[in-house]
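Single-letter residue listing:
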Amino acid sequence: MTMTHAASAKRHSPPPAWRKPVLMGAPLVLLLVAFLVFPVGQLLALSVYNGQGFTLAPYAQLFASSLYVTVLWITLKISLATTLVAVVAAYPVAYLISIAKGPAKSRLIFWVLLSFWTSFLVRAFAWVVILGRNGVVNSTLMSLGIIDSPADLLYGFGAVLVGMVHAMLPLAVMTMLAVMENIDRTLPRAAGTLGAKPGTAFWTVYFPLSLPGVAASAIMVFVSAIGFFIVPALLGGRKETMITQLIIDQVQQTLNWGLAGAISVLLLTVVLVVFVLYDRVFGFASLTGESAVVRNRDTAMRRLGGRVLAALGSASDALIGLLPRRHPLRGRSEKPVALTAFVWLLLVLISLPAFLMIPLSVGKGGLAWPPSGFTLQWYQQLLDSPIWMQALWRSIVVAFGTGLLSMAIGVPAAFLMVRSRMRGKGAMLAFILSPIVVPRMIIAVGMFYVFAQMGLVGTILGLVIGHTVVAVPYVVMTMMAVLRNYDTRLDLAAQSLGARPLAALRHVTFPILGAGMLSSFLFAFATSFDELTISLFSSGGLSATLPKQFWDEVTLQVSPVIAAVSTGLLLFVATLIFVADRLRRRSLAG
Amino acid sequence: MSSSSLSVQGLAKRYGDFVALAPTDLVVADGEFLTLLGPSGSGKTTLLSLLAGLVPPDGGSVRIGSQDVTYAPPYERDIGVVFQNYALFPHMTIEENIAFPLKMRKVGAADAKRRAREALEMVHLPHIAGRYPRELSGGQQQRVALARCMVYKPSIILMDEPLGALDKKLREHMQLEIKRLHREMGTTVVYVTHDQEEAMTMSDRICLMNAGRIEQLGTPADLYFRPRSLFVADFLGESNILPAALRSRSGDEVEIGLGTQGIPGRALANGNDLPPGTEVRVMVRPQNLTVARGAGNAAGGLQGRVSEVMVTGSLTKVYMEPLDGKLPPLVAAFPTRNEADAVRIDDVLTLSWSGRDAVVIADAARAAGTA
Ligand SMILES: Nc1ncnc2c1ncn2[C@@H]1O[C@H](COP(=O)(O)OP(=O)(O)O)[C@@H](O)[C@H]1O
Ligand SMILES: [Mg+2]
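Every value quoted in this text rests on a predicted model; they were computed, and no experiment measured them.

Thresholds applied
- Residues numbered from 1 in each chain as written.
- Chains lettered and ligands numbered in written order.
- Predicted model: local features only at pLDDT ≥ 70, side-chain atom pairs only at ≥ 80, totals over all residues.
- Heavy atoms only, no water.
- Helix = DSSP H or I, 4+ residues; strand = E, 2+ residues; numbered from the N terminus.
- Buried < 20%, exposed > 50% of the residue type's maximum accessible area, 1.4 Å probe, protein only.
- Areas by Shrake-Rupley, 256 points an atom, 1.4 Å probe, with all protein chains shown as cover.
- Lys, Arg positive; Asp, Glu negative; His and termini not counted.
- Charge placed at Lys NZ, Arg CZ, Asp CG, Glu CD.
- UniProt positions renumbered as here; feature names shortened; annotations may be inferred.
- Polar contact = N/O pair within 3.5 Å; in protein donor to acceptor, adjacent residues only side chain to side chain.
- Phe/Tyr/Trp six-rings, centres within 6.5 Å; stacked < 30°, edge-to-face > 60°.
- Pairing = 2+ DSSP bridges.
- Domains from an automatic or database assignment.
- Contact = heavy atoms within 4.5 Å.
- Buried area = accessible area lost by both parts, 1.4 Å probe.
- Axes fitted to C-alpha atoms, helices over the stretch in contact; angles between N-to-C directions.
- Near = heavy atom within 4 Å.
- Nonpolar A, V, L, I, M, F, W, Y, C, P; charged D, E, K, R; others polar.

1. Here's the deal with the overall build of chain B
Along its length, chain B carries nine helices and 20 strands. Counting only C-alpha atoms, chain B reaches 80 × 50 × 40 Å along its principal axes. Residues counted as buried form 53% of the 371 residues belonging to chain B. When the accessible surface of chain B is split by element, carbon and sulfur atoms take 52% of a total near 16,000 Å². With 40 positive and 42 negative side-chain charges, chain B shows a spacing of 3 Å between the two charge centroids.

2. Points about the UniProt feature "domain: ABC transporter" (unreviewed entry) in chain B
In the numbering used here, UniProt assigns the "domain: ABC transporter" (unreviewed entry) feature to residues 6–236 of chain B. Secondary structure content for residues 6–236 of chain B is 36% helix and 27% strand, while the C-alpha to C-alpha distance between its ends is 26 Å.

3. Notes on the side chain of Glu161 of chain B
Tracing the backbone shows Glu161 of chain B in the loop between β7 (156–160) and α5 (168–185). A polar atom in the side chain of Glu161 of chain B sits 2.9 Å from the side chain of His194 of chain B.

4. Section: the packing of aromatic side chains
The way to describe two aromatic rings as a pair is by their centre distance and the angle between their planes. Tallied over the entire structure, the rule returns 26 aromatic pairs over all chains. Taking the centre distance of 5.4 Å and the plane angle of 40° together, the rings of Phe33 of chain B and Tyr191 of chain B count as tilted. Here Tyr191 of chain B lies in strand β8 (residues 188–193) and Phe33 of chain B lies in strand β3 (residues 33–37), a separation of 158 residues in the sequence. Here the aromatic residues Phe400, Phe521, Phe525, Phe529 and Phe572 of chain A are joined through ring pairs into a cluster of three or more.

5. Let's talk about the pairing of strand β14 (residues 279–284) of chain B
In the sheet, strand β11 (residues 240–250) of chain B pairs with β14 of chain B via six bridges, with the strands oriented antiparallel. Note that in β14 of chain B the partner of Pro243 of chain B across the bridge is Arg281 of chain B.

6. Section: the domain arrangement of chain B
Residues and elements named next belong to chain B. Once the domains are mapped, chain B shows domain 1 (4–230) and domain 2 (238–370). Spacing between the C-alpha centres of domain 1 and domain 2 amounts to 39 Å. On the side of domain 2, eleven residues touch domain 1, which itself brings eight residues to the contact. Regarding the contact of domain 1 and domain 2, the summed buried area is about 890 Å², with carbon and sulfur atoms giving 54% of it. Looking only at domain 1, the three residues that lose the most surface to domain 2 are Tyr224, Arg228 and Leu230, adding up to 58% of its buried area.

7. Thoughts on the sheet that holds strand β18 (residues 330–335) of chain B
All names here are of chain B. Reading across the sheet, the five strands line up as β15-β19-β16-β17-β18 and stay open at both edges, with antiparallel pairing between neighbours. Of all strands in the sheet, those bounded by a partner on one side alone are β15 (290–293) and β18. Taking each pair of neighbouring strands and ignoring which way they run, the sheet shows an average axis angle of 45°. Pairing geometry for β15 and strand β19 (residues 348–352), over four bridges, is antiparallel. Looking at β19, one finds that Arg293 is bridged to Leu349.

8. Description of the site of ligand 1
Taken together, Arg421 of chain A together with Tyr15, Phe18, Ala20, Pro39, Ser40, Gly41, Ser42, Gly43, Lys44, Thr45 and Thr46 of chain B make up the full set of residues near ligand 1. Near ligand 1, the surrounding residues are drawn from chains A and B. Note that an oxygen atom of ligand 1 is positioned 2.6 Å from one of the backbone N or O atoms of Gly41 of chain B. The separation between an oxygen atom of ligand 1 and a polar main-chain atom of Ser42 of chain B is 3.2 Å. Computed on the free molecule, ligand 1 has an accessible area of 560 Å², of which 65% lies beneath the protein chains in the complex. Counting residues per element, the ones that place at least two in the shell around ligand 1 are β2 (18–29) and α1 (44–52) of chain B. Ranked by the residues each element gives to the shell around ligand 1, the list is headed by α1 of chain B, at three residues. Considered class by class, the residues forming the shell around ligand 1 number four nonpolar, six polar and two charged.

Below is the structure:
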C-alpha cells in the first residue's frame, strides 16, 4: 500500500510532454495523409501532368465545349435547391425533437434515424418504383380516374429534387439538432417574461440562436449533394446529369484520367469557395456543435437581419392573435399540435418509400403497383444467388473491419481533441474532418488510382482502408460529443484510488463511455455498409460489396429481387437502431 | 504529530502566463488536519492537485514521508482524494465503488467485500451497499466518497471542498463526522474550503491563500486574532479595522492614537517592530468591544451613533457611525439582552477594549509611502 522505491525513483524528471499526443494522433494523421491527401493530390496532379511533362490539355478540353460548364451549373442548381428545401423542411422536425421529452422524443429520433441509416440506394430506388410509369402514383391516379394515361414523372428535375431532398433530409435534421439541443430553453421563456409575445420570442431570440445549426446543416447538405450521383443517375434524365457522373464516365469508360482530374479540380474549387465563405460568416466551430455563437458580422447586415426578424415576430404574433383563443392560462403548457402533426406527416412521407418495398418484395407481379398475390420466390432467389450472398458476406466483413479500425485510430484522436490543450488543435480537427468536406467521388477516384498501383483493388484490406478514411471523421465527432459530457474527474478519482492508466480506462472510462463507443462503432459500421462510391471503383469487377451489387443490378436490369434486398436492409437497420437504443438505455439505467 | 507527513518546497504552477501557484513552501505534520482556505481562484485546488499528482508542477518538489513524489503519478502516491462533486463511479454500486481501490491493490474479493462493508458501517450507511450513486442523497454520496477514500487507509487524505454542495445543516453534521473519522483514524488531512467558519471549526492549522500564494499559515486563533495582513483580518469574519498612529511601546503591547483626534488605546504589537509615529491599522473583533451607553466617562473615547441593530439569536450586532467622521463605520457584538435595555437606533455609545484583544497590522502600502 505504500509506494515502492523503484516506482518513485524513476520519476525524478517530468515525462516528455509531447509523447502522448503524438502517439494518440499519429495513426489517424498518417492514414489520412497516405489515403486521402496523397490520392487526391495524385488525381489533381494528373490534370496538369500527362506522364511526360506539364500540360494544360485537360483544362483546354474542359472549357472547349460548354458541356462541362453547363453540367457544373446544373449541379449547383440541384444542390442549392436541395439544400434550401431540405433545410426548411428539417427545421420544424429538429425543433420538435429538441423540445420533445421522454418516449415521444425517442420515437421521433427513431424515425429520423431509420431514414438516415436506410441505404441511399434503397431510398432512391423506391422513388423509381413510386414515380415510374406503372408506379404507385400513376396507378393510383389512373385507378381514381384522374388521368387516363401514365404521366412522365421520372427522369426530370422534379424527380431528382424529390429524391435528393429525401436523401438529405435526415442529415439536415441530425446536424441541426446537435445545435438546437444546446440552446438554453429558458431564454425564449425569459423573453416572454420580459414582454415578448410567443412569435416575437421565437423569431428574435430562439431563431437567431439556432442559426448556426441551420448554417451547419445547410453546408453539410450542400457538400453531400454536390458530390452525389445515385439520385441523379437513377431519377434524372439527360438534362439532370451532375458533375460526379461525368467523372465516373471519364474513369470507367474513356479512361481519361487527366480530364477526370481537371473536373475534380473544378468541383473541389467550388466546394472550397463555399467553405471559405461559410468560415467567414459562421466559423467552423459551429460544425461540431462546439459553440452556438455567431461571430460579429457587418453591423448593417445585423441591423437589417434584426429588423426582418422583428417583423417576422410581429407577423406571427398577429397570426396567432387571429386564432381562436384557448384557455390563456393553460396555453403555456399546451402541446404544439399543428407542429406535431406537420412533423409526423413529414416523417411518414420520408419513411414510406422504403416501406413500399415490403409489399413489393412478396408480390407476384414484379415491381408494378399495386402488388398482387403472395410469394417468397424473390427471397428464395436471393438466398440461392451466390453473387448476392458473397456480396453480403463481404460487406459485413468490410464493415466490421472498418468499424474496428476506425475506433482504434479515431477514439484516441477524439480523446486528444477533447482533453489536450495542444496548439494547432483547430487545424488538426479541420484536417480530421476533411474527408467529409472533400466530395466523396474525388476521394474514390483518387483512391482507385493509388490502390491500382498498390495492388489493393478488389481486396478486403483496400475496402477497409478506403471506408475507414470516410468513416473515421464521424467516429471522432461522435466520440468528441460523448467525451465532452464525460466527467474527467472520474479518471482522476480512479487514479488517486490506485488505478494505473490502463486499469482506469478498463474499469472506469470505457464502461461509462460504452454506449457512446458502441454508437460510434455502429456509425462507422453503417457508413461502410452503405458505402457505394469508393466500392464502385475499388471493389474491382468481381468482388462486389452489397451496395455495389445493388447498384449493378439497378442500373442493368431491375428485378423484384431488389425489393427483397431492400426489405432485408430496412429490417436490418431498424433492428440495429432498436438494439443500439436498448443498449444505451440499459447502460444509462446502470 | 512530530514527523512531517507531507512537505512541499518551492512548488509552483503556471497556466500559460498566469501564475496559479507562486513558489510555495509548506510542511504538514503527521496526523495533522490542515485547511487550505481562500477565496475562489486563489489556487487551493491547484495546490491540492499538485499534492495528489493530478497535474504536473512547473517547479519545486513534493515529498510524502521520505519519498520524493514530485512527478509520481497519483496511483503511486499513498494518498486518497475526496473530490468536490464526489466523483463516484456511476456504473458501479456503492459497494463496488468502495471496493475499487482495494481491487486496484489486488486485495481478494471476499476480503475487499468485508472491508467495504466495514467502511460503510463507519460512515453509518450499512444498508445501501447494493445501490447506485444516483439513488443516494447528496449527504449520503458525500459519506460514500469518504468511505471509499478511507477504506484503504492512505497516509494522507486530500479533500477539495467536500461539503460545498450540501445545505447548511447537513454541512455542519458532516463537519463533525469528518472530524470524528480524522480522530479515529489519525490520518493526515489536507482540506480545502472557501468557508472561513468551516476552516475555523475543523482545522489544527489554516493555510490562508490569496492570488496563488500563502497569505498566512497558523492556528485558527493565530489567524483570527493575530492576522498579519488586512486581507487575513478581513477574510476571517467581521472586524473593525481602524487607522492609527503608534505612540510608544511597552513589552509586546503598544500605545496608539486612533483617527484624526488621536483617541488613545492599546493593542498587541504582533511582532511588528515599528518606530513611534508610524501609521498603522488596528484590528478589533466586534465581540471584543465593550459597549457603554451615553458619552461615557472620559471625553474623547471612541464613540459612535447607532445606525443599525441586528439580533442574530444569541448575539446582537450593533453598527455605528463614529462621531469622528474620519473613522470607518464600527461594529460591536454582545450577548443579546432582554428587550428592556436593548440598544436603539440613534443611541450614542462609547466603545472600549482590552489591549490584548486589539492587534496592530503593518500597513504595507502606507509604510512604503512614508519611508
Ligand atoms: N487548467 C487550467 N487552465 C488555466 N487556468 C487554470 C486552470 N486551472 C486553474 N486555473 C486558474 O488558476 C487559478 C486558481 O485556480 P484554482 O486552484 O482552481 O482556485 P481555487 O480552487 O482556489 O478556487 C484560477 O484563476 C483558475 O482560473
Ligand atoms: Mg477549487
